[in-house]
Amino acid sequence: MSAEAIRGNSRSILAYAAEHPGATLAAIVFGIIAVMAAFAPLIAPQNPFDLASFDLLDAELPPIWLEGSDPRFLLGTDAQGRDLFSAILYGTRISLMVGILAVVIQAAIGVPLGLWAGYAGGRVDSAVTRMADIQLSLSTLMMAIIVMALFRAGLGGETLSRYAVPLLVIVIGLAEWPFFARTARAAAQVEAAKDYVRAGRALGASSFAIVHRHILPNISSPLIVVATTQVAGAIMAEAALSFLGLGMPVTKPSLGTLIRSGYDLMFAGAWWVTILPGLVLIGLLISVNVLGDALRDALNPRLVRR
Amino acid sequence: MKELAAGAALLGQRLIQAVLVMLAILVIAFAVRSALGDPLREIIGEAVPEAERAKLAQELGLDAPWPVQLARYLGNAATGDLGTSYIYKRPTAEVILAKFPASFELVLGASLIVLLLSVPAGIYCAVRPSAFGAKSILSLSVLGISVPVFLTGIFLITIFSVWLGWLPAFGRGDTVDLGFWETGLLTRDGLAHLILPAITLSSIMLPLFIRLVRGAMLDELGHDYVRTARAKGARPLRVWLSHALRNALVPLVAVGGLQVGTLIAYTLLTETVFQWPGMGFLFLEAVTRADVPLITTYLFFVGLLFVITNTLVDILSLMLDPRISLEGTR
């Protein structure tokens with residue numbers, strides 16, 4: 001994604017990479033994780049959702065670089081004899097999917113609201129700002145925990161697990177729209193005062209056309225930056241909910257679920273079941289956050305690092 | 001006098017807001033519960049005969065439509081009765097308050113670490129922005145923000161409990177019962193048990209507060225009064241601490257106060273990792289066993305905590321900054 005930034009600065013990718021080794025490393029790590037997750041069904045030696053294919057005799061085998069391992073299981077197995085490598089691939093896929101879809105919902109709510117608040121001002125503006133402030137003061141993670149807990153208590157664990165993906169996407173999506181609204185509002189306010197908007201209005205363009213066809217493309221850079229950090233936040237929220245047992249079920253584990261289910265085994269010596277998915281989750285979060293920071297620096301020439 | 005009256009009005013406004021928020025939570029809780037499921041199934045399982053289920057449902061008041069249940073609940077709440085826990089067979093308020101000291105001591109430990117480290121680190125990063133140390137602190141804080149709090153806990157346990165065997169991995173250890181408060185701070189064992197959870201909880205708040213302190217200090221250092229003070233010959237340390245930091249405290253308290261909810265959520269995660277017998281751990285137990293009265297009372301207390309901290313933050317901001325008048329804070 002930083003390619004646009006590079007083109008904007010009319011420098012070669014290599015020069016940029018040499019100057020920003022951290023961002024480059026983050027891009028590479030994220031690229032590897034994302035590609036492996038996307039092609040999980042092709043790469044994974046086992047389908048980790050197919051409970052019938054596990055053998056309890058294979059349970060808790062260590063990764064292949066440790067003693068007592070089995071060459072069939074690259075990263076070892078969990079308590080049910082599930083291949084950890086396959087489980088991590090599919091789990092990353094679920095974590096990424098939930099994270100990205102949730103951010104799509106956040107943007108779908110927050111961007112139009114923020115755009116209109118910034119462009120129209122007045123009563124619309126104060127209503128949107130007030131709503132955003134209230135929602136942010138309630139702590140989004142706590143709200144998500146409470147809502148998922150109510151669903152868990154009301155529906156029971158089994159029904160919840162069937163609808164876990166859409167529920168998580170909606171709950172995390174609804175929780176954090178204010179971040180998009182704020183950014184869109186601030187940027188739209190700046191744009192609304194510019195000449196091209198006035199020219200558009202003088203030419204008789206409708207407000208809708210001005211906001212969506214002219215202002216929106218011009219404020220895409222800050223929105224891309226917010227989207228990046230929000231993806232990291234959404235992945236983290238999903239992992240936290242799943243770790244608490246309020247998210248993805250053991251039968252369809254995300255990275256958070258894998259960490260939770262492996263945690264019991266840690267004291268029995270099988271540390272890899274919890275540590276390895278944990279490392280992948282951290283790698284994913286750090287790379288997305290570092291990319292977000294790099295994008296912010298690259299896309300915003302005014303923000304010279306202090 | 002006028003200030004006092006305005007303060008009372010503000011407090012009243014906050015209370016009304018809080019009551020509305022909590023009513024909304026209750027309505028949602030009751031509606032969701034009646035629309036979605038049968039709490040009896042979670043309590044007694046599927047195997048109990050129909051007649052017995054109906055009798056139990058009537059005893060627990062679960063046979064009425066949810067608005068009636070809600071009204072009944074509110075009526076009882078007005079007399080101080082927040083319901084009886086299904087699991088513990090005791091009043092829910094009593095069950096939750098018994099767990100409060102554990103959560104409080106955990107938060108206290110973490111807050112001490114955050115305060116002691118974030119203020120000097122944040123000031124340092126603001127006054128020496130290009131120093132290697134400041135850059136390292138900021139890079140580390142990106143890492144800190146990126147590591148989920150439960151993983152920090154798990155890594156610490158792996159290293160210090162499983163591999164090195166230096167510190168206990170779960171529970172509170174030996175506690176002393178003071179009658180109204182069960183504390184783990186008075187025994188060696190209790191303190192040893194607190195170390196890892198407190199570090200874990202502080203690890204996620206620390207980067208946030210370092211950035212907050214740094215940002216607030218940077219804003220203040222750009223003001224003219226700082227230059228004037230330096231020109232008058234005041235020593236840098238004095239300018240930073242007694243001029244800039246004092247003014248930086250206002251936004252710091254306001255923004256930091258907004259983090260209560262986040263703090264509660266992270267405490268819940270930390271308690272889960274360390275099986276710390278606090279309110280969050282209890283809440284999750286109530287959720288998995290569908291102990292609805294206990295869940296509702298927990299939400300009630302969380303709401304109350306929000307109101308108390310928000311009011312405290314308002315009062316503190318007022319004390320720190322005489323320019324904010326009470327009429328202005330809405």
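1. Focus on the overall build of chain B
Here is step 1 of the chain: Counting secondary structure elements, chain B contains 13 helices and two strands.
Here is step 2 of the chain: In chain B, buried positions account for 34% of the 330 residues.
Here is step 3 of the chain: The long-range share in chain B, meaning contacts at least 24 apart out of those at least 6 apart in sequence, stands at 70%.

2. With respect to the overall build of chain A
Here is step 1 of the chain: Along chain A, the regular secondary structure elements total 14 helices and zero strands.
Here is step 2 of the chain: By the burial criterion, 48% of the 306 residues in chain A qualify as buried.
Here is step 3 of the chain: Across chain A, the fraction of contacts at a sequence separation of at least 24, relative to all contacts at a separation of at least 6, is 70%.

3. Remarks on helix α5 (residues 92–127) of chain B
Here is step 1 of the chain: With 36 residues, α5 of chain B ought to run about 52 Å at 1.5 Å a step, and its terminal C-alpha atoms sit 50 Å apart, in line with that.
Here is step 2 of the chain: Roughly 30° is the biggest bend found in α5 of chain B, and it falls at F100 of chain B, with proline P101 of chain B one to four residues downstream.

4. Let's talk about the environment of P67 of chain B
Residue and element names in this part refer to chain B.
Here is step 1 of the chain: Within the secondary structure, P67 is located in helix α4 (residues 66–78).
Here is step 2 of the chain: Take P67: there are 12 C-beta atoms within 10 Å of it, and that puts it in the exposed class.
Here is step 3 of the chain: Residues P67 and L282, spaced 215 residues apart in sequence, show a C-alpha to C-alpha distance of 27 Å.

5. With respect to the interface of chain A and chain B
Accessible area lost during the coming together of the parts is what is often quoted as the interface size.
Here is step 1 of the chain: At the junction of the two partners, chain A supplies 36 residues and chain B supplies 35 residues.
Here is step 2 of the chain: Every element with two or more residues in the side of chain A that touches chain B is listed here: α7 (140–162), α12 (220–243), α13 (255–266) and α14 (272–299) of chain A.
Here is step 3 of the chain: If you tally residues by element for the side of chain A that touches chain B, the top one is α7 of chain A, at eleven residues.
Here is step 4 of the chain: Along the lines of polarity and charge, the residues of the side of chain A that touches chain B split into 25 nonpolar, eight polar and three charged.

6. Brief notes about the packing of helix α6 (residues 122–137) of chain A against helix α9 (residues 177–192) of chain A
All names here are of chain A.
Here is step 1 of the chain: Where α6 meets α9, the axes come as close as 9 Å, and the angle between the chain directions of the two elements is 145°. Like other packed secondary-structure pairs, α6 and α9 cross with a definite hand, here left-handed. Taking contact as the criterion, the partners of V128, A132, Q135 and L136 in α6 are, on α9, P178, A181, R182 and R185.

7. Describing the packing of helix α10 (residues 236–257) of chain B against helix α13 (residues 292–320) of chain B
Residue and element names in this part refer to chain B.
Here is step 1 of the chain: For the pair α10 and α13, the least separation of the axes is 9 Å and the interaxial angle reads 175°. Here α13 runs roughly antiparallel to α10, going by the angle between their axes. Contacts from L249, V250, V253, A254 and G257 of α10 reach α13 at T309, N310, V313, L316, S317 and L320.

8. A word on the nonpolar core
Here is step 1 of the chain: Ranked by size, the top nonpolar core spans 155 residues in total, and within it A144, I145 and A240 of chain A together with L269 of chain B carry the most contacts.
Here is step 2 of the chain: The biggest single contributor to this core is helix α5 (residues 84–120) of chain A, with 18 residues.

9. Here we look at the confidence of the model for chain B
Residues and elements named next belong to chain B.
Here is step 1 of the chain: Across chain B, the average pLDDT comes to 78, with 84% of residues at 70 or higher.
Here is step 2 of the chain: In the model of chain B, helix α2 (residues 39–44) stands out as the element of lowest mean pLDDT, 56, in contrast to helix α11 (residues 260–274), which has the highest, 88.
Here is step 3 of the chain: On the interface metric, ipTM, the complex scores 0.79, and its pTM is 0.82.

10. Quick notes on the environment of I210 of chain B
Residues and elements named next belong to chain B.
Here is step 1 of the chain: Take I210: it is sitting in helix α8 (residues 188–221).
Here is step 2 of the chain: By C-beta crowding, I210 is classed as buried, having 26 other C-beta atoms within 10 Å.
Here is step 3 of the chain: Sequence spacing of I210 and G122 is 88 residues, and the spatial spacing of their C-alpha atoms is 4.6 Å.
Here is step 4 of the chain: Apart from the residues within four sequence positions on either side, I210 is in contact with S118, A121, G122, C125, I137 and S141.

11. What about the environment of I286 of chain A?
Here is step 1 of the chain: For I286 of chain A, the location among the structural elements is in helix α14.
Here is step 2 of the chain: Beyond its immediate sequence surroundings of up to four residues, I286 of chain A is in contact with L143 and S146 of chain B.

12. Here's the deal with unusual backbone geometry
Residue and element names in this part refer to chain B.
Here is step 1 of the chain: The residue K89 is not glycine, and still its phi comes out positive at about 55°.
Here is step 2 of the chain: Within the element layout of this structure, K89 appears in the loop between α4 and α5.
Here is step 3 of the chain: Located in the positive-phi region is Q275, a residue other than glycine, with phi close to 45°.
Here is step 4 of the chain: Looking at where Q275 falls in the secondary structure, it is placed in the loop between α11 and α12 (279–288).

What counts as what
- Residues numbered from 1 in each chain as written.
- Chains lettered and ligands numbered in written order.
- Predicted model: local features only at pLDDT ≥ 70, side-chain atom pairs only at ≥ 80, totals over all residues.
- Helix = DSSP H or I, 4+ residues; strand = E, 2+ residues; numbered from the N terminus.
- Buried ≥ 20, exposed ≤ 12 C-beta atoms within 10 Å, placed from the backbone.
- Contact = placed C-beta atoms within 7 Å.
- Expected span 1.5 Å × (residues − 1).
- Bend = angle between axes of the 7 residues up to and from the residue.
- Nonpolar A, V, L, I, M, F, W, Y, C, P; charged D, E, K, R; others polar.
- Axes fitted to C-alpha atoms, helices over the stretch in contact; angles between N-to-C directions.
- Left-handed = near helix turned anticlockwise from the far one by under 90°.
- Parallel < 35°, antiparallel > 145°, perpendicular 65-115°, else oblique.
- Core = buried A, V, L, I, M, F, W, Y, C linked by C-beta atoms within 7 Å.
- pLDDT = per-residue confidence, 0-100.

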